[in-house]
Amino acid sequence: MSDWVDEDVTSDARSLRLDAKGLDASTGDRRIRATWEQVFGIALVPEDAPRQAFVLVPRRPPQPPWIEILPKDLPEELREEGLEGLARQVRERMAQRSYRSGGPTRPLLDPATLMQRVLAREEVPGALEVPVGAGPGGWWRRFLDVFAAGSAGGLAGLYAGAFSGNPMIALGVAAAGATVGASVPVALSSSFESLRARRRRPRVLVLAPDGCIVGLTSGPAVFAWGDIARFAVEEHPPEGRVSPVRACLAVRKANGEVASLDGAWFAEPLPLIVAVAEAYRLRNTPR
């Protein structure tokens with residue numbers, strides 16, 4: 001899965017068509033064409049009595065790595081079966097078209113090089129990013145974005161504080177950074193230019209054929225796919241704190257260790273984020 005799906009801008013109404021080669025979908029503003037080799041899963045939200053289906057495909061960032069399908073988008077032949085019928089057909093098609101045949105066609109990057117390229121915001125073929133939410137503190141973080149917009153030190157302080165999970169600390173660190181122009185390393189950023197880019201499009205989870213990078217509170221961490229046992233939704237206190245317990249994306253490693261990221265950093269339901277990460281892991285884990 002080293003290449004992104006084909007898509008372009010369109011004004012067509014929402015629609016979905018499935019055939020032997022793949023699927024063609026219009027989201028209302030984008031037309032997306034994906035072969036079955038490119039599809040790496042489907043998630044129903046919620047799982048019981050679903051109201052949305054998300055077909056998981058590799059889309060070029062900043063597009064989310066899925067196509068959202070609503071019941072009204074279903075083709076006539078699937079209207080009676082609903083989204084559950086769509087999920088069944090997608091999974092059957094994936095199995096028929098060899099689920100693992102779409103692996104990367106380039107040499108894989110080692111973890112250190114992957115981290116370096118992501119921090120530098122260089123393109124990594126096949127890399128996916130999930131939409132980012134306001135994060136812990138919500139409106140505090142949006143206020144601090146405005147407060148710290150004028151200086152590299154303020155912006156660095158903002159994100160260092162925001163990742164602490166404490167809005168008062170965030171405000172204090174951002175103010176100090178704006179005053180003295182301090183340079184503070186932040187998750188998935190490494191320079192003033194990358195800080196400016198992060199402010200335009202922040203990232204907390206990057207999935208690539210080579211591995212994944214998670215923006216933990218302690219800093220960005222890189223994981224090779226063979227080192228991860230699974231992704232899950234779990235309740236943990238924010239990293240480095242005792243309470244309160246919050247819903248998190250848990251990265252369970254093969255050696256028994258676990259790293260977690262507060263679910264507030266994601267703009268979509270946490271079960272969907274986990275479904276994307278887990279399906280991507282299964283697609284890329286060597287066996």
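Residues numbered from 1 in each chain as written. Predicted model: local features only at pLDDT ≥ 70, side-chain atom pairs only at ≥ 80, totals over all residues. Heavy atoms only, no water.

Draft legend 1. Quick peek at the nonpolar core. Phe231 and Phe266 are the most contacted members of the largest nonpolar core, which has 34 residues in total. For this core, the element with the most residues is helix 7 (residues 270-284), which contributes eight residues. In contact with Phe231, other than residues within four places in its own chain, are Cys212, Trp225, Leu249, Ala250, Val251, Val274, Ala277, Glu278 and Arg281. Judged by nonpolar contacts, the second largest core, of 23 residues, contains Val5, Trp36, Leu44 and Leu86. (Core = buried A, V, L, I, M, F, W, Y, C linked by side-chain atoms within 4.5 Å. Buried < 20%, exposed > 50% of the residue type's maximum accessible area, 1.4 Å probe, protein only. Helix = DSSP H or I, 4+ residues; strand = E, 2+ residues; numbered from the N terminus. Contact = heavy atoms within 4.5 Å.)

Draft legend 2. Main features of the pairing of strand 6 (residues 52-56). Across the five residues of strand 6, four count as buried, placing the element largely inside the fold. As paired elements, strand 5 (residues 41-45) and strand 6 share five bridges and run antiparallel to each other. Bridge assignment links Ile42 to a residue of strand 6, and that residue is Val55. Strand direction decides the pairing type here: strand 6 and strand 7 (residues 66-69), joined by four bridges, are antiparallel. (Pairing = 2+ DSSP bridges.)

Draft legend 3. Region of the structure containing the layout of surface pockets. As a volume, the largest pocket reaches approximately 300 Å³. For the largest pocket, the lining is made up of 16 residues, of which Ala43, Leu44, Glu47, Pro271 and Ala275 are closest to its centre. Elements represented by at least two residues in the lining of the largest pocket include exactly strand 5 and helix 7. A total of six residues in the lining of the largest pocket trace back to one element, the largest contributor, which is helix 7. Grouping the constituent residues of the lining of the largest pocket by class yields 13 nonpolar, no polar and three charged. Of the pockets and cavities examined, the second largest pocket occupies roughly 200 Å³. (1 Å grid on protein atoms, 1.4 Å probe; cavity = no way out; pocket = protein on both sides within 12 Å on 5 of 7 lines; lining within 4 Å. Points joined across faces, edges and corners; volume = space filled by probe spheres on them. Nonpolar A, V, L, I, M, F, W, Y, C, P; charged D, E, K, R; others polar.)

Draft legend 4. Quick look at the sheet that holds strand 7. The three strands lie next to each other as 5-6-7, forming an open sheet whose pairing is antiparallel. At either margin of the open sheet sits one strand with a lone partner, and together these are strand 5 and strand 7. Mean inter-strand twist for the sheet, computed between neighbouring axes without regard to direction, equals 20 degrees. Contacts between helix 1 (residues 82-96) and the sheet are confined to strand 5, strand 6 and strand 7, with strand 5 contributing the most and set at about 165 degrees to the helix. Its contacts with the sheet place helix 7 against strand 5, strand 6 and strand 7, and it is angled at close to 25 degrees to strand 6. (Axes fitted to C-alpha atoms, helices over the stretch in contact; angles between N-to-C directions.)

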